[in-house]
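Chains, contacts and geometry: an overview
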Amino acid sequence: MSFKPANAIQDLQYFGEFGGVNPSISDSSTYTFLSAKTMFDTFEGNAEGCYLYSRHSSPSNLYLGEALAAMAGTETANVCASGMGAITATLMQLCKSDEHIVCSRTIYGGTYAFLKNFTPRYNIATSFVHITNLSEVEAAITPSTKVLYCEVVSNPLLEVADINALSQLAKKHNLTLVVDNTFSPLSITPAKLGADVIIHSLTKFINGSSDTVGGVICSTQEFINSLRDVNDGASMLLGATMDSLRAASILKNLRTLHIRIKQHSHNALFLAQKFEQDGLKAVYPGLKSHPGHIAFKEMMNPAYGFGGLLTLDVGSLEKANELMELFQEKNLGYLAVSLGFYKTLFSAPGSSTSSEIPLEEQTAMGLSDGLIRFSIGLDEDIERTYVMMRDCMKQVGIL
Ligand SMILES: *Cc1c(COP(=O)(O)O)cnc(C)c1O
């Protein structure tokens, strides 16, 4: 039987302290001990089921972590205060001074800035490559390379990485394959394709209500233990710990993720097909014209579709701004960064979420200033949405 990530989430059975259908929320930063010896053992990480201090671990965070590990198909997971908290801790744990990272050049702006500007301070260098060109990826690997890093579906260009092939390359050169699966939760299960560490920003689809910032690292027990080590664990020492109240609320939202993803995907595919038929430059992995369409199809859990993100190149930043303002005025969505909300969100990444990437590099990677990134919402009547969007496009002269 094939792996169904949503089943894996739903098969978990957690009861609250008083038989509640939700686990009780742990609302303490510190925990008492009946014996001083147990306190010492807990600090050293040897007392199963005991808690010491909530930066180390807390019941609510562990519940959420286990549910996310079930979804990702990994042994365990560590939740973090943000997606960047997950990414930075993972990379700082895996690399030390004079080591090297090979990374896709189309990635989230914050990750790009971290690797381009921040890690060089610690003599960790990064080569940015076309992730879909495997020979270029392999040619960038040096004897000091430790990590191969990419997004499964990239932000904002929606390039699709071939995780199977990259995992073979990683194994051949003894690298850790770290992937950010924020854009394609449930649709793609990178652990089943050979990825070693899977990261999500929980801020986006997984929480889905744009009220929380969070992140997760899904991997082996061994790697997660190393991140939590009190002496040299990057999650423990850099301190991007999630708050327990937030962990409890994200866990509740996670349980409807499969329904939401199906609707996001259904709506995004509908609009992408219509836009393409209208002769617009629509990019969506579910379109046959998308260069990563076959790669996505081969990796996907078909029930969840091709995801909720699509891009549209309307030619210039001026037109993009005009259209986005009109969409917002007609209540077709919000002019806002981020993704995975019930409303459609749109922004021009060149001047917002990817503005950390220098202009000439944006141009080289095909990120034009007329590009609009859409996170398509959960609209009940997507045909009505399309008709209204088309009217706006006519009004600004794109159609
Ligand atoms: C938003 C995002 C991040 C960063 O997550 P935060 O929760 O904002 O720290 C990382 N990767 C991708 C692909 C994202 O979209």
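Going by the annotation in an unreviewed UniProt entry, the name recorded for the chain is Aminotransferase class V-fold PLP-dependent enzyme, with Gangjinia marincola given as the source organism. Its UniProt record gives the chain the following Cofactor (unreviewed entry) comment, quoted word for word: "pyridoxal 5'-phosphate".

1. A closer look at the side chain of Asp379
Checked against the element boundaries, Asp379 lands in the loop between strand S12 (371–375) and helix H15 (382–396). Arg384 is the oppositely charged side chain nearest to the buried, salt-bridge-free Asp379, at an N-O distance of 6.3 Å. At 2.8 Å, the side chain of Asp379 and the side chain of Thr385 are in polar contact.

2. Details of the nonpolar core
Counting residues in hydrophobic clusters, the biggest one holds 86 residues, and the most contacted among them are Leu64, Ile163, Leu254 and Phe275. Split by domain, this core shows at least three residues from each of two domains, domain 1 (5–254) and domain 2 (258–395). What Leu254 contacts, discounting residues up to four positions off in sequence, is Ile9, Leu64, Ala67, Leu68, Met71, Ile206 and Arg260. Of all hydrophobic cores here, the second largest spans 29 residues; its members include Ala89, Cys103, Ile107 and Ala234.

3. Notes on helix H11 (residues 257–277)
Taking 1.5 Å per residue, 21 residues should reach 30 Å; H11 reaches 30 Å between its end C-alpha atoms and fits that length. All of the buried residues along H11 are Leu257, His258, Arg260, Ile261, His264, Ser265, Asn267, Ala268, Phe270, Leu271, Ala272 and Phe275. Gly279 sits one or two residues past H11 and shows a positive phi near 85 degrees.

4. Structural notes on the packing of helix H4 (residues 83–94) against helix H5 (residues 109–118)
A packed helix pair is summarised by two numbers, namely the angle formed by the two axes and the spacing between the axes. The contact between H4 and H5 brings their axes to 10 Å, and the two run at 30 degrees. Taken together, the axes of H4 and H5 lie roughly parallel to each other. Viewed along their axes, H4 and H5 form a crossing whose handedness is right-handed. Taking contact as the criterion, the partners of Met84, Ile87, Thr88, Leu91 and Met92 in H4 are, on H5, Gly110, Thr111, Phe114 and Leu115. Along the lines of polarity and charge, the residues of the contact of H4 with H5 split into 6 nonpolar, 3 polar and no charged.

5. Comments concerning the domain arrangement of the chain
Looking at the chain, the domain boundaries give domain 1 (5–254) and domain 2 (258–395). Where domain 1 touches domain 2, the interface holds 1 salt bridge. Between Lys116 and Glu361 there is a salt bridge; the shortest N-O distance is 3.7 Å. Where domain 1 touches domain 2, the interface holds 14 residue pairs in polar contact (both at pLDDT 80 or more). Among the secondary structure elements, those contributing two or more residues to the side of domain 1 that touches domain 2 are helix H1 (5–10), H5 and helix H10 (244–254). By residue class, the composition of the side of domain 1 that touches domain 2 is 21 nonpolar, 13 polar and 3 charged.

6. Some words on the site of the ligand
Around the ligand, the surrounding shell holds 15 residues, and the nearest of these are Met84, Asp180, Ser201, Thr203 and Lys204. Ser201 is positioned such that a nitrogen or oxygen atom in its side chain is 2.8 Å from an oxygen atom of the ligand. Between Thr203 and the ligand, the recorded distance is 2.6 Å, taken from a side-chain N or O atom to an oxygen atom. Burial of the ligand by the protein chains amounts to 92% of its free accessible area of 380 Å². No other element matches H4, which puts 3 residues into the shell around the ligand. Among the residues making up the shell around the ligand, the classes are represented as 5 nonpolar, 7 polar and 3 charged.

7. A few points about the sheet that holds strand S5 (residues 176–180)
Reading across the sheet, the 7 strands line up as S1-S7-S6-S5-S4-S2-S3 and stay open at both edges, with mixed pairing between neighbours. In this open sheet, the two edge strands, each paired with only one partner strand, are strand S1 (76–80) and strand S3 (125–129). For this sheet, the mean inter-axis angle between neighbouring strands, taken without regard to orientation, is 20 degrees. Where strand S2 (residues 100–104) and S3 come together, 5 bridges link them in parallel fashion. Note on S3: the bridge partner recorded for Ser104 is Val129. Sitting on the sheet, helix H3 (residues 59–72) is in contact with S1, strand S6 (197–201) and strand S7 (215–219), with an inclination near 125 degrees to S1. Where helix H7 (residues 163–172) meets the sheet, it contacts strand S4 (145–151) and S5, and its direction lies at approximately 150 degrees from that of S5.

8. What to know about the environment of Asp391
Positionally, Asp391 belongs in helix H15. Considering only alpha carbons, one finds Asp391 and Phe114, 277 residues apart in sequence, at a separation of 41 Å.

9. Let's talk about the packing of aromatic side chains
On inspection of all chains with the given rule, the structure shows 13 aromatic pairs. Where Phe327 meets Phe346, the ring centres are 5.7 Å apart and the plane angle is 70 degrees; that geometry is what we call edge-to-face. Placement of Phe327 in helix H13 (residues 317–329) and of Phe346 in strand S11 (residues 345–347) is noted, with a sequence separation of 19 residues between them. The same class applies to Phe327 and to Phe346, which are both buried. Seen in terms of ring centroids, Phe327 and Phe374 are 6.0 Å apart; in terms of plane orientation they differ by 55 degrees. Their pairing is tilted.

Conventions adopted
- Residues numbered from 1 in each chain as written.
- Predicted model: local features only at pLDDT ≥ 70, side-chain atom pairs only at ≥ 80, totals over all residues.
- Heavy atoms only, no water.
- UniProt positions renumbered as here; feature names shortened; annotations may be inferred.
- Helix = DSSP H or I, 4+ residues; strand = E, 2+ residues; numbered from the N terminus.
- Buried < 20%, exposed > 50% of the residue type's maximum accessible area, 1.4 Å probe, protein only.
- Lys, Arg positive; Asp, Glu negative; His and termini not counted.
- Salt bridge = Lys/Arg side-chain N within 4 Å of Asp/Glu carboxyl O.
- Polar contact = N/O pair within 3.5 Å; in protein donor to acceptor, adjacent residues only side chain to side chain.
- Core = buried A, V, L, I, M, F, W, Y, C linked by side-chain atoms within 4.5 Å.
- Domains from an automatic or database assignment.
- Contact = heavy atoms within 4.5 Å.
- Expected span 1.5 Å × (residues − 1).
- Axes fitted to C-alpha atoms, helices over the stretch in contact; angles between N-to-C directions.
- Parallel < 35°, antiparallel > 145°, perpendicular 65-115°, else oblique.
- Left-handed = near helix turned anticlockwise from the far one by under 90°.
- Nonpolar A, V, L, I, M, F, W, Y, C, P; charged D, E, K, R; others polar.
- Near = heavy atom within 4 Å.
- Areas by Shrake-Rupley, 256 points an atom, 1.4 Å probe, with all protein chains shown as cover.
- Pairing = 2+ DSSP bridges.
- Phe/Tyr/Trp six-rings, centres within 6.5 Å; stacked < 30°, edge-to-face > 60°.

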